[in-house]
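Working through the structure, step by step
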Amino acid sequence: MSYQLYRNTTLGNTLQESLDELIQYGQITPALAFKVLLQFDKSINNALNQKVKARVTFKAGKLNTYRFCDNVWTLMLNDVEFREVHEFVKVDKVKIVACDGKSDYN
């Protein structure tokens, strides 16, 4: 089983809306829509693992809260600076969700 984090992205939400519409018009079954979502989860996790090579560092002024549950870290940070080689971005608040990429979930 893959993580379902990316279902809440623009791409994931659009896929879910399209599948709901196809179900509503009787063009696919809910079971098929579920299989498509599971494949999306596997594919997006695999693509990000294999294709993305960029590294970003960050520094936070304050760690508001943190949580570790089911091999998933959730960090709520304030006053965060993100840096990539020649780029710099500063934000007031950020939520980071980090999953174990080497677990059985992939």
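Residues numbered from 1 in each chain as written. Predicted model: local features only at pLDDT ≥ 70, side-chain atom pairs only at ≥ 80, totals over all residues. Heavy atoms only, no water.

Operational definition: UniProt positions are given in the numbering used here, feature names are shortened, and annotations may be inferred rather than shown by experiment.
The chain carries the name Transcription initiation factor IIA subunit 2 in an unreviewed UniProt entry, which gives Drosophila busckii as its organism. Under the UniProt heading Subcellular location (unreviewed entry), the note attached to the chain is "Nucleus". Entered under Sequence similarities (unreviewed entry) in the UniProt record, the comment concerning the chain runs "Belongs to the TFIIA subunit 2 family."

Considering the packing of helix H1 (residues 10–24) against helix H2 (residues 30–51)
The cut-off we apply is this: Convention adopted: a line fitted to C-alpha atoms gives each axis, helices being fitted over their contacting stretch, and angles between N-to-C directions are expressed from 0 to 180 degrees. A run of H or I in DSSP counts as a helix once it spans at least four residues, and a run of E counts as a strand once it spans at least two, with each numbered from the N terminus. Here the angle decides the label: under 35 degrees means roughly parallel, over 145 means roughly antiparallel, 65 to 115 means roughly perpendicular, and every other value means oblique. Take the far helix as your reference; a near helix turned counterclockwise from it by less than a right angle gives a left-handed crossing, and one turned clockwise gives a right-handed crossing. By definition, residues are in contact when any of their heavy atoms lie within 4.5 Å. Gly counts as polar in this scheme, as do all residues outside two lists: the nonpolar Ala, Val, Leu, Ile, Met, Phe, Trp, Tyr, Cys and Pro, and the charged Asp, Glu, Lys and Arg.
It is the contact of H1 with H2, at a shortest axis distance of 10 Å, that shows an interaxial angle of 165 degrees. By the criterion of interaxial angle, the relationship of H1 to H2 is roughly antiparallel. You can see that H1 and H2 cross each other, and the crossing is right-handed. Across from Leu11, Gly12, Leu15, Gln16, Leu19 and Ile23 in H1, the residues of H2 making contact are Pro30, Ala33, Val36, Leu37, Phe40 and Ile44. Taken together, the residues that form the contact of H1 with H2 break down as 10 nonpolar, 2 polar and no charged.

Comments concerning the UniProt feature "domain: Transcription initiation factor IIA gamma subunit N-terminal" (unreviewed entry) in the chain
If you check UniProt for "domain: Transcription initiation factor IIA gamma subunit N-terminal" (unreviewed entry), the listed places come out as residues 2–48 in our numbering. Counting secondary structure, residues 2–48 comes out at 72% helix and 0% strand; the distance between its end C-alpha atoms is 12 Å.

Some words on the confidence of the model for the chain
For the record, the criterion: As a per-residue quantity, pLDDT reports the predictor's confidence and falls between 0 and 100.
Residue-level pLDDT values for the chain average 90, and 93% of them are 70 or greater. Considering each helix and strand of the chain separately, the mean pLDDT is smallest for H2, with a value of 92, and largest for H1, with 96.

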